[in-house]
Amino acid sequence: MIALGCDHGGYELKQEIRKHLDEQKIPYKDFGCDSMESTDYPIYAKRVAKAILSGECEKGILICGTGIGISITANKFKGIRAALCSDCFSAEATRLHNDANILAMGGRVVGPGLALKIVDTFLNTPFSGDERHIRRIEQIESE
Ligand code: RB5
């Protein structure tokens, strides 16, 4: 199950992503927002982060205008690794190396064509499981 969340700056792109996931029959849960009315991105970052940490969802996709505020918020949660990506190379690398569990994007940064390819790359790339990457992820979590 994929958790989706956005603010007004990411609403249109989230709608494109919903359609794309529907076409591929990939299940998702949409944690809002539900319109282009101005709202606050931390609300949705927190909902998605909590859904992942509780085990309700396996991965998340968060979108705000830049992807910055929403990823900063999500990354405050221990165990969340939200990666802000604007290209497929980064989306692949963050799965392979960081085992990122949230993809963040800027709805005002990437167009829908590229964004959907980034989504596919992120969702279809497994964590490498390499010892050095496991060690580094453990270091992220330790004080
Ligand atoms: C909203 O205008 C904008 O600040 C927000 O979507 C995001 O870009 C914040 O980081």
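Read on for an overview of the structure. Predicted model, so just to flag it, every value in this text is computed and none were measured.

The next subject is the environment of Leu53. Position of Leu53 among the secondary structure elements: in helix α2 (residues 41–53). For Leu53, a relative accessible area of 43% translates into the label partly exposed. Residue contacts for Leu53: discarding those within four places in its chain leaves Phe77, Lys78, Gly79 and Ile80.

Across the sheet, which stays open at both edges, the five strands sit in the order β2-β1-β3-β5-β4 with parallel pairing between neighbours. Two strands bound the open sheet, and with one partner strand each, they are β2 (28–30) and β4 (82–84). Between one strand axis and the next, the sheet turns by 20 degrees as a mean value, whatever way the strands run. In the sheet, β4 pairs with strand β5 (residues 102–106) via three bridges, with the strands oriented parallel.

So, about the state of the cysteines. The tally for this structure, following the rule as stated, stands at zero disulfides. Here Cys6 is not cross-linked by a disulfide; its sulfur's nearest cysteine counterpart is in Cys33, at 3.9 Å.

Bringing the site of the ligand into the picture now. Around the ligand lies a shell formed by Asp7, His8, Tyr41, Cys64, Gly65, Thr66, Gly69 and Arg108. In the environment of the ligand, an oxygen atom lies 2.7 Å from a nitrogen or oxygen atom belonging to the backbone of Gly65. Bound to the protein, the ligand loses 70% of the 300 Å² it would expose on its own. Looking at the shell around the ligand residue by residue, the classes come out as two nonpolar, four polar and two charged.

Here Gly32 and Cys33 are connected by a cis peptide whose omega angle stands at 5 degrees. When you line up the elements, Cys33 lands in the loop between β2 and α2. In the Ramachandran plot, Asp99 falls in the positive-phi region, its phi being about 50 degrees despite a non-glycine side chain. Here Asp99 shows up in the loop between α4 (88–98) and β5.

Glancing now at the nonpolar core. Judged by nonpolar contacts, the single largest core of 25 residues is most densely connected at Ile17, Ile61, Leu103, Met105 and Val119. For this core, the secondary structure elements donating two or more residues are β1 (2–6), α1 (11–23), β3 (59–64), β5 and α5 (112–124). With residues up to four places along the chain from it excluded, the contact list for Ile17 reads Leu4, Ile61, Ile63, Met105, Leu116 and Val119.

Where nonpolar side chains cluster on the molecular surface, the patch consists of Ile68, Ile72 and Leu84 and spans about 270 Å² of accessible area. Structurally, the position occupied by Leu84 is in strand β4. Leu84 gets classed as partly exposed once you look at its relative accessible area, which sits at 38%.

Turning to the packing of α1 against α5, a few remarks are in order. As a packed pair, α1 and α5 sit with axes 10 Å apart at the nearest point and diverge in direction by 55 degrees. With respect to their mutual orientation, α1 and α5 come out oblique. As for how α1 packs across α5, the hand of that crossing is right-handed. On α5, the residues touching Leu13, Glu16, Ile17, His20 and Leu21 of α1 are Pro112, Ala115, Leu116, Val119, Asp120 and Leu123. Here the contact of α1 with α5 is composed, by residue class, of eight nonpolar, one polar and two charged.

About the cut-offs
- Residues numbered from 1 in each chain as written.
- Predicted model: local features only at pLDDT ≥ 70, side-chain atom pairs only at ≥ 80, totals over all residues.
- Heavy atoms only, no water.
- Helix = DSSP H or I, 4+ residues; strand = E, 2+ residues; numbered from the N terminus.
- Buried < 20%, exposed > 50% of the residue type's maximum accessible area, 1.4 Å probe, protein only.
- Contact = heavy atoms within 4.5 Å.
- Pairing = 2+ DSSP bridges.
- Axes fitted to C-alpha atoms, helices over the stretch in contact; angles between N-to-C directions.
- Disulfide = S-S within 2.5 Å.
- Near = heavy atom within 4 Å.
- Polar contact = N/O pair within 3.5 Å; in protein donor to acceptor, adjacent residues only side chain to side chain.
- Areas by Shrake-Rupley, 256 points an atom, 1.4 Å probe, with all protein chains shown as cover.
- Nonpolar A, V, L, I, M, F, W, Y, C, P; charged D, E, K, R; others polar.
- Core = buried A, V, L, I, M, F, W, Y, C linked by side-chain atoms within 4.5 Å.
- Patch = residues over 30% accessible without salt bridge, like charges linked within 9 Å, V, L, I, M, F, W, Y side chains within 5 Å.
- Salt bridge = Lys/Arg side-chain N within 4 Å of Asp/Glu carboxyl O.
- Parallel < 35°, antiparallel > 145°, perpendicular 65-115°, else oblique.
- Left-handed = near helix turned anticlockwise from the far one by under 90°.

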